[in-house]
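Residue strings, one per chain:
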Amino acid sequence: MNSVVNGSASTRRPVIGICARTAPVTFQGSDMVVSFALQSHLAFLTAAGCTPLLLPLLPGVEAMADRIDGLLIPGGPDVDPALYGEEPHPGTRAATPEADRAELALIRAALDAELPVLGICRGMQLLNVLHGGTLHQHLPEVTGHDGHRPDTPSFTLGSHPLKLEPGSRIAGILDEDAPVTACHHHQGVNRLGAGLTATGWAQDGTVEAVEVTGRPFAVGVQWEAGFTPDQRLHHALVRAAGR
């Protein structure tokens, strides 16, 4: 965006846009709907040396691609199945078509501007749908288990060893012999979109990481980065934005 100011290199902190999520809350006795981001995303990005900027998913938000240096697409509700030509499964929940379309327009604009992009959970699924891919709407029907989103009364992360493509961007970021995911999702990549490369898998074959082919940094991961202390993905995004 503003890597050069008045002909000289800028020393400002990179600005990373974060796609907002919405939820109904009760605040000071009043019911309302708020736009928000997970505090750990804000903290991790700030610690990595950037300024996070919350981007509400309203029509026209794609114009913000000209004002940011990178984009983080966090987890959230299920993607509207109509976007990949399917009827909703009984287990598909909280689809928000207007927000989905605004978010896809923003991601497309960020990629067109060659900004670094990191998609997390729903964010990775949106990257796949944007490139013409489809989703499994309920993974337990495919894998035969609920390990990706444990069926417990409270929010519980599943845990899976990862197989990473040697030499991939994600393998370079994690840089360890036996990486393990911390996930909470019941949907996942079915048909991989054109222009994407799968670079990480769970042991059951579920795609856990994708990269946009030919881009310096456009990565999607299926696990819940932000719900553990691991900040490596956030730091990698900020480093890419700084370049």
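Bear in mind that the values here come from a model prediction, so they are computed numbers and not experimental data.

Q: Go over the environment of R239 with me, naming the residues and quoting the values.
A: Among the secondary structure elements, R239 is positioned in helix α6 (residues 232-242). Look at R239 and you get partly exposed, because its relative accessible area is 48%. Taking the C-alpha atoms as reference points, R239 and F217, separated by 22 residues in sequence, lie 10.0 Å from one another.

Q: A description of the packing of aromatic side chains should follow, citing residues and the corresponding values.
A: On inspection of all chains with the given rule, the structure shows 1 aromatic pair. Centre to centre, the rings of F155 and F227 are 5.1 Å apart; their planes meet at 25°, and the pair counts as stacked. Placement of F155 in the loop between α4 (140-143) and β10 (158-164) and of F227 in the loop between β15 (218-221) and α6 is noted, with a sequence separation of 72 residues between them. The ring of W201 carries the charged tip of K163 above its face, separated from the ring centre by 5.9 Å.

Q: Outline the state of the cysteines, listing residues and values.
A: Within the structure shown, the criterion is met by 0 disulfides. Unpaired in terms of disulfides, C50 finds its nearest cysteine sulfur in C19, a separation of 14 Å. With no disulfide partner, C121 has as its closest neighbouring cysteine sulfur the one in C183, 8.3 Å distant. With relative accessibility at 6%, the residue C121 sits in the buried group.

Q: Talk me through the sheet that holds strand β7 (residues 70-73); I want residue IDs and the actual numbers.
A: Strand order in this open sheet of 9 strands is β6-β3-β7-β8-β15-β14-β13-β10-β11, and the pairing throughout is mixed. Two strands lie at the open edges of the sheet, namely β6 (51-55) and β11 (180-183), each paired on one side alone. Taking each pair of neighbouring strands and ignoring which way they run, the sheet shows an average axis angle of 25°. Alignment of strand β3 (residues 15-19) against β6, held across 5 bridges, turns out to be parallel.

Q: Now, about the pairing of β10: what can you tell me, with residues and values included?
A: With burial as the criterion, only one face of β10 is covered, namely that bearing G158, H160, L162 and L164; the residues S159, P161 and K163 on the opposite face remain uncovered. Direction of pairing for β10 relative to β11: antiparallel, over a ladder of 4 bridges. Looking at β11, one finds that H160 is bridged to T181. Of the strand pairs in this sheet, β10 and strand β13 (residues 196-202) are connected by 3 bridges, and their pairing is antiparallel. Within the sheet, the bridge partner assigned to K163 lies in β13 and is W201.

Q: I'd like a description of helix α3 (residues 122-130), backed by residues and values.
A: Along α3, 9 of the 9 residues are buried, which leaves the element largely enclosed by surrounding structure. Inspection of α3 places R122, G123, M124, Q125, L126, L127, N128, V129 and L130 among the buried residues, and these make up the whole buried set. Immediately downstream of α3, the backbone of G132 shows phi near 90°, a positive value.

Q: Tell me what's going on with the nonpolar core, and back it up with residues and numbers.
A: A general tendency of soluble globular proteins is for nonpolar side chains to be buried together. Membership of the largest hydrophobic core comes to 29 residues, with the highest contact counts inside it found for L71, I73, I107, L111 and V117. Looking at this core, the elements with two or more residues in it are β3, β7, α2 (97-112) and α3. The residues contacting I73, other than those within four sequence positions of it, are C19, R21, E103, I107, V117, L118, G119, I120, G123 and L126. Counting residues in hydrophobic clusters, the runner-up holds 27 residues, among them I18, A209, F217 and V238.

Q: If you had to explain the confidence of the model for the chain to someone new, which residues and values would you point to?
A: Summarising the model, the chain shows a mean pLDDT of 92, and 95% of its residues fall at 70 or more. This stretch, residues 2-9, has a pLDDT under 50; its non-local contacts, to residues over four places away or in other chains, come to 7 contacts.

Q: Before we move on, could you go through the packing of helix α1 (residues 39-47) against α6 and cite the residues and values that matter?
A: Direction vectors running N to C along α1 and α6 enclose 50°, while the axes themselves pass 9 Å from each other. Considering their axes alone, α1 and α6 lie oblique with respect to each other. Crossing of α1 against α6: the hand is right-handed. Each of H41, F44, L45 and A47 in α1 lies in contact with α6, whose residues at this interface are H234, H235, L237 and V238. Here the contact of α1 with α6 is composed, by residue class, of 5 nonpolar, 3 polar and no charged.

Quick notes on the rules
- Position numbers for residues count from 1 along each chain, tracking the sequence in the order it is written.
- Confidence filtering applies because this is a predicted model: local features only for residues at pLDDT of at least 70, side-chain atom pairs given and counted only at 80 or more, and all residues used for totals across whole chains, interfaces and linings.
- Hydrogens are left out, water is left out, and the side-chain values use all remaining heavy atoms of the structure.
- Numbered from the N terminus, helices here are DSSP runs of H or I no shorter than four residues, and strands are runs of E no shorter than two.
- Each residue is assigned to one of three classes by its accessible area relative to the maximum for its type, calculated with a 1.4 Å probe on protein chains only: buried under 20%, partly exposed between the two thresholds, exposed over 50%.
- Pairing of aromatic rings covers Phe, Tyr and Trp, the last through its six-membered ring, and needs centres within 6.5 Å; plane angles under 30 degrees mean stacked, over 60 mean edge-to-face, and all others mean tilted.
- A positively charged side chain is recorded as over a ring if its NZ (Lys) or CZ (Arg) lies within 6 Å of the ring centre. The angle to the ring normal must also be within 35 degrees.
- By convention in this document, the label disulfide applies to cysteine sulfur atom pairs within 2.5 Å.
- For two strands to count as paired, DSSP must find a minimum of two bridges between them.
- For helices, the fitted line uses only the C-alpha atoms of the stretch in contact; every axis is such a line through C-alpha atoms, and the angle between N-to-C directions lies from 0 to 180 degrees.
- To form a nonpolar core, buried Ala, Val, Leu, Ile, Met, Phe, Trp, Tyr and Cys residues must be joined to one another through side-chain atoms within 4.5 Å.
- The contact definition used throughout considers only heavy atoms, calling two residues in contact when any of these lie within 4.5 Å.
- Predictor confidence is given residue by residue as pLDDT, running from a minimum of 0 to a maximum of 100.
- Our angle categories are set so that under 35 degrees counts as roughly parallel, over 145 as roughly antiparallel, 65 to 115 as roughly perpendicular, and the remainder as oblique.
- Handedness of a crossing is defined here by the sense of rotation of the near helix relative to the far one, left-handed for an anticlockwise turn of less than a right angle and right-handed for a clockwise turn.
- In this count, Pro and Cys sit with the nonpolar residues alongside Ala, Val, Leu, Ile, Met, Phe, Trp and Tyr, while Asp, Glu, Lys and Arg are called charged and the others, Gly among them, polar.

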